[in-house]
Amino acid sequence: SQQGEEDPQALSIQEGENATMNCSYKTSINNLQWYRQNSGRGLVHLILIRSNEREKHSGRLRVTLDTSKKSSSLLITASRAADTASYFCATDAEQGGSEKLVFGKGTKLTVNP
Amino acid sequence: GAGVSQSPRYKVAKRGQDVALRCDPISGHVSLFWYQQALGQGPEFLTYFQNEAQLDKSGLPSDRFFAERPEGSVSTLKIQRTQQEDSAVYLCASSLFRGVRYEQYFGPGTRLTVT
């Protein structure tokens, strides 16, 4: 079963525009991570935000986390055609000691040149 | 610096055949994970190793699935008597340290098609 739900499922924008993707999850977490997956390639880690952080930046990426709403958002500014990919949020469980990540179904982003 | 490698990249198996999927993690990485990704879905956790110890196998869908990492480096995921529902991409990931607060590095995956 998958914990996260990304919204929207698909997003199509023009190059230069900003893209916002949202993720909701169900259980308490230690950290939330965002990954990117290009067609036919493996997952690439983008950014990790801890449960006690509210916002984090990395280059053109901005991630927010609202633990009270169990939600996170990923903002990609000034998008490029190379940003076309599927984006997944992944959470870890706060309890149980499990090391696993639980992924959402992903948002498929298309950036048109 | 080599990343996580997986072989084969593609595997076609007839229903009922056994398959073995290999993962070479980044050298020195303690943690190793296997995930299964169905078409259009996010990856789903299968199992986790810390060095050679399999600490979590709660995601293995049935006793036909077996994973090992005997020397704490290379890992093999074996699927016995494959079924059509086993068709998916199998992703391996490794992490330098124990704990999910550390980034997991993923391999390109093995796409398994069971006919």
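Everything below is about the structure printed above this text.
Residues numbered from 1 in each chain as written. Chains lettered and ligands numbered in written order. Predicted model: local features only at pLDDT ≥ 70, side-chain atom pairs only at ≥ 80, totals over all residues. Heavy atoms only, no water.

Draft legend 1. Spatial organisation of the environment of Val 89 of chain B. All names here are of chain B. As for its position among the elements, Val 89 is in strand E9 (residues 88-95). The class of Val 89 is buried, set by a relative accessible area of 13%. Ignoring anything within four residues of it in the chain, the contact list for Val 89 reads Tyr 35, Gln 36, Gln 37, Gly 109, Thr 110 and Arg 111. (Helix = DSSP H or I, 4+ residues; strand = E, 2+ residues; numbered from the N terminus. Buried < 20%, exposed > 50% of the residue type's maximum accessible area, 1.4 Å probe, protein only. Contact = heavy atoms within 4.5 Å.)

Draft legend 2. Summary view of the sheet that holds strand E3 (residues 19-24) of chain B. Residues and elements named next belong to chain B. With antiparallel pairing, four strands are arranged side by side in an open sheet as E1-E3-E8-E7. Edge positions in the sheet fall to strand E1 (5-7) and strand E7 (65-68), since each of these pairs with one other strand and no more. Each strand axis lies, on average, 15° off the axis of its neighbour in the sheet, ignoring direction. The pairing of E3 with strand E8 (residues 75-79) spans five bridges and is classified as antiparallel. Along E8, the bridge assignment pairs Arg 22 with Thr 76. (Pairing = 2+ DSSP bridges. Axes fitted to C-alpha atoms, helices over the stretch in contact; angles between N-to-C directions.)

Draft legend 3. Looking closely at unusual backbone geometry. The linkage connecting Asp 7 of chain A with the following residue, Pro 8 of chain A, adopts the cis geometry, with an omega of 0°. Relative to the helices and strands, Pro 8 of chain A is located in the loop between strand E1 (5-7) and strand E2 (10-14). A cis amide bond links Ser 7 of chain B with the next residue in sequence, Pro 8 of chain B, at an omega value of -10°. Along the chain, the position of Pro 8 of chain B falls in the loop between E1 and strand E2 (10-13). Although it is not a glycine, Ala 78 of chain A sits at a positive phi angle of roughly 45°. Within the secondary structure, Ala 78 of chain A sits in the loop between strand E8 (71-76) and strand E9 (85-93). For Ala 78 of chain A, a relative accessible area of 39% gives the class partly exposed.

Draft legend 4. Examining the side chain of Gln 33 of chain A more closely. Residue and element names in this part refer to chain A. Assignment of secondary structure puts Gln 33 in strand E4 (residues 29-37). On the basis of relative accessible area, Gln 33 is assigned to the buried category, the value being 1%. Within the structure, Gln 33 has its side chain in polar contact with the side chain of His 45 (distance 3.2 Å). (Polar contact = N/O pair within 3.5 Å; in protein donor to acceptor, adjacent residues only side chain to side chain.)

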